[in-house]
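Close look at the chain arrangement
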Amino acid sequence: MDASIIETALGLASTAVSVTGKAASTAEAIKKLFASDKAADAEEAIKLVNILAAELTAANLMKVNLSKALKDLSVELRIEDQFEKDKARYELFTTSQGDIVFKLRADAAGGQPEHFICPACLNKDRLIIFIQGTGDHKRCQVNQNHLYTFGNTPIRSSASENPYY
Ligand SMILES: [Zn+2]
């Protein structure tokens, strides 16, 4: 998973907490100002009320940002969870030519036909991409350079046997 999504959410959460904390202490200062026996200093009160208003606006803004970040994080976690579940359906498989790919586990097939997925895409991009082809060589569906050798059928040398070769 993209760690920056967690960092963003946690950063916003701690900022929201500190902004809210500041607003709470400003509110406390205003309360004290009016609780004292002597007449409240109006100028000081106006200043504190303005500060409190600004802090509450900032806190609200942080809350909106935090809410969005948490939603993003939740989506990311769900995608991650689904990926891990999908990945668990495959096991390592070595072809007769020594190439390592992932193969659908028989006990997790759930009615799907036997197939292989690209280990390069799985490990690098966390994507489940089919490997397809009918001959000795099979390719990844998204990257033509991800080529896997499954068999070793001797190549016919006589052109007359296969004019298209
Ligand atoms: Zn691939």
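What you see is a predicted model, and the numbers here were worked out from it, not measured in a lab.

Conventions adopted
- Residues numbered from 1 in each chain as written.
- Predicted model: local features only at pLDDT ≥ 70, side-chain atom pairs only at ≥ 80, totals over all residues.
- Pairing = 2+ DSSP bridges.
- Helix = DSSP H or I, 4+ residues; strand = E, 2+ residues; numbered from the N terminus.
- Expected span 1.5 Å × (residues − 1).
- Buried ≥ 20, exposed ≤ 12 C-beta atoms within 10 Å, placed from the backbone.
- Domains from an automatic or database assignment.
- Core = buried A, V, L, I, M, F, W, Y, C linked by C-beta atoms within 7 Å.
- Contact = placed C-beta atoms within 7 Å.

This part is about the sheet that holds strand β3 (residues 116-117). Strand pairs in the sheet, formed through backbone hydrogen bonds, run parallel or antiparallel to each other. Ordered by their spatial adjacency, six strands build an open sheet running β1-β2-β3-β4-β5-β6, and the pairing between neighbours is antiparallel. The sheet terminates laterally at β1 (90-94) and β6 (147-149), the two strands that pair on one side only. In the sheet, strand β2 (residues 100-104) pairs with β3 via two bridges, with the strands oriented antiparallel. Considered in β3, the bridge of Phe102 is made with Ile117.

Further remarks concern the pairing of strand β5 (residues 137-140). Two strands pair when backbone bridges link them, and strand β4 (residues 130-132) and β5 are joined in this way by two bridges, in the antiparallel orientation. In the sheet register, Gln132 faces β5, and the bridge partner there is Arg139. Hairpin connection, β4 to β5: the antiparallel pair is bridged by four residues, and Gly133 has positive phi, about 145°. Judged from the three bridges that link them, β5 and β6 form a sheet pairing that is antiparallel. Bridge pairing in β6 places Lys138 opposite Tyr148.

This brings us to helix α2 (residues 42-87). With 46 residues, α2 extends 66 Å from end C-alpha to end C-alpha; this agrees with the ideal 68 Å at 1.5 Å per step. Within the span of α2, buried status applies to Ala59, Leu66 and Ala69.

Partitioning the chain into structural domains gives domain 1 (3-85) and domain 2 (88-149). One C-alpha centre belongs to domain 1, the other to domain 2, and the line joining them spans 48 Å.

The residue Arg126 is not glycine, and still its phi comes out positive at about 55°. Structurally, Arg126 can be placed in the loop between α3 (119-125) and β4. Judged by local crowding, Arg126 falls into the partly exposed class, with 14 C-beta atoms found within 10 Å.

This part is about the nonpolar core. Formed by Val101, Phe102, Phe116, Ile117, Cys118, Cys121, Ile131, Cys140 and Tyr148, the largest nonpolar core amounts to nine residues. Those elements that provide at least two residues to this core are β2 and β3. Leave out the neighbours within four places in its chain, and Phe116 touches Phe93, Val101, Phe102, Lys103, Ile131 and Lys138. The next biggest cluster of nonpolar side chains, apart from the first, holds five residues, and it includes Ala9, Ala16, Ala59 and Ala69.

Glancing now at the environment of Thr20. Mapped onto the elements, Thr20 comes out in helix α1 (residues 3-35). Residue class for Thr20 comes out partly exposed when judged on the 16 C-beta atoms lying within 10 Å of it. Between the alpha carbons of Thr20 and Leu56 there is a distance of 7.3 Å; along the sequence they are 36 residues apart.

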